[in-house]
Amino acid sequence: MAQTYIDTRFSGTIQRGFDVNGIPVIPDRIKFNNGFVCAQSGSQDELGEKLDEIVLMILEYGLHTDYGNSHTVAGMTFNQN
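The rules behind each value
Residues numbered from 1 in each chain as written. Predicted model: local features only at pLDDT ≥ 70, side-chain atom pairs only at ≥ 80, totals over all residues. Heavy atoms only, no water. pLDDT = per-residue confidence, 0-100. Helix = DSSP H or I, 4+ residues; strand = E, 2+ residues; numbered from the N terminus. Buried < 20%, exposed > 50% of the residue type's maximum accessible area, 1.4 Å probe, protein only. Contact = heavy atoms within 4.5 Å. Phe/Tyr/Trp six-rings, centres within 6.5 Å; stacked < 30°, edge-to-face > 60°. Lys NZ or Arg CZ within 6 Å of the ring centre and 35° of its normal. 1 Å grid on protein atoms, 1.4 Å probe; cavity = no way out; pocket = protein on both sides within 12 Å on 5 of 7 lines; lining within 4 Å. Points joined across faces, edges and corners; volume = space filled by probe spheres on them. Nonpolar A, V, L, I, M, F, W, Y, C, P; charged D, E, K, R; others polar.

So, the confidence of the model for the protein chain
Low pLDDT marks regions whose predicted coordinates should not be analysed in detail.
Then, in step 1: Of the residues in the protein chain, 85% reach a pLDDT of 70 or more, and the chain-wide mean stands at 80.
Then, in step 2: Here strand β1 (residues 2-5) stands out as the element of the protein chain with the lowest mean pLDDT, 58, in contrast to strand β4 (residues 17-18), whose mean of 92 is the highest.

Looking at the environment of Q40
Then, in step 1: Positionally, Q40 belongs in strand β6 (residues 35-41).
Then, in step 2: Judged by its relative accessible area of 48%, Q40 is partly exposed.
Then, in step 3: For Q40, the contacting residues outside a window of four places in its chain are V25, I26, P27, L47 and K50.

Some thoughts on the packing of aromatic side chains
Then, in step 1: Applying the stated criterion across every chain yields a total of zero aromatic pairs.
Then, in step 2: Across the ring face of F36, the terminal group of R29 is positioned such that the distance to the ring centre comes to 4.1 Å.
Then, in step 3: Positioned over the ring face of F36 is K31, at 5.4 Å from the centre of the ring.

Quick notes on the layout of surface pockets
Over the atoms rolls a probe the size of a water molecule, and its path tells where empty space is left.
Then, in step 1: When its volume is computed, the largest pocket comes out at roughly 150 Å³.
Then, in step 2: What lines the largest pocket is F32, N33, N34, G35, F36, V37, I54, M57, I58, L63 and H64.
Then, in step 3: Residues that form the lining of the largest pocket fall into these classes: seven nonpolar, four polar and no charged.

Focus on the environment of F32
Then, in step 1: Within the secondary structure layout, F32 lies in strand β5 (residues 24-32).
Then, in step 2: Overall, the relative accessible area of 5% leaves F32 in the buried class.
Then, in step 3: With 21 residues separating them along the chain, F32 and S11 place their C-alpha atoms 9.1 Å apart.
Then, in step 4: Excluding residues within four positions of it along the chain, F32 makes contact with F10, V37, V55, I58 and L59.

Here you go:
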């Protein structure tokens with residue numbers, strides 16, 4: 001779950017696993033506006049903090065409102081911001 005305000009919450013599905021070295025990996029994906037917010041961490045608390053920060057940057061600071069530079073590779077346009 002990501003939370004920006006007391007009454008604004010977004011939830012997703014946590015999947016737990018391990019990398020090739022046996023270290024815990026917890027990825028999460030939250031449906032947000034017209035896309036997804038994704039993060040990965042080794043602990044659920046750290047994952048929650050990362051998701052909170054990403055959602056806050058999108059809502060409060062306009063992350064992704066400036067498309068920055070774009071480059072075309074193999075006929076596909078990639079935006080870098």
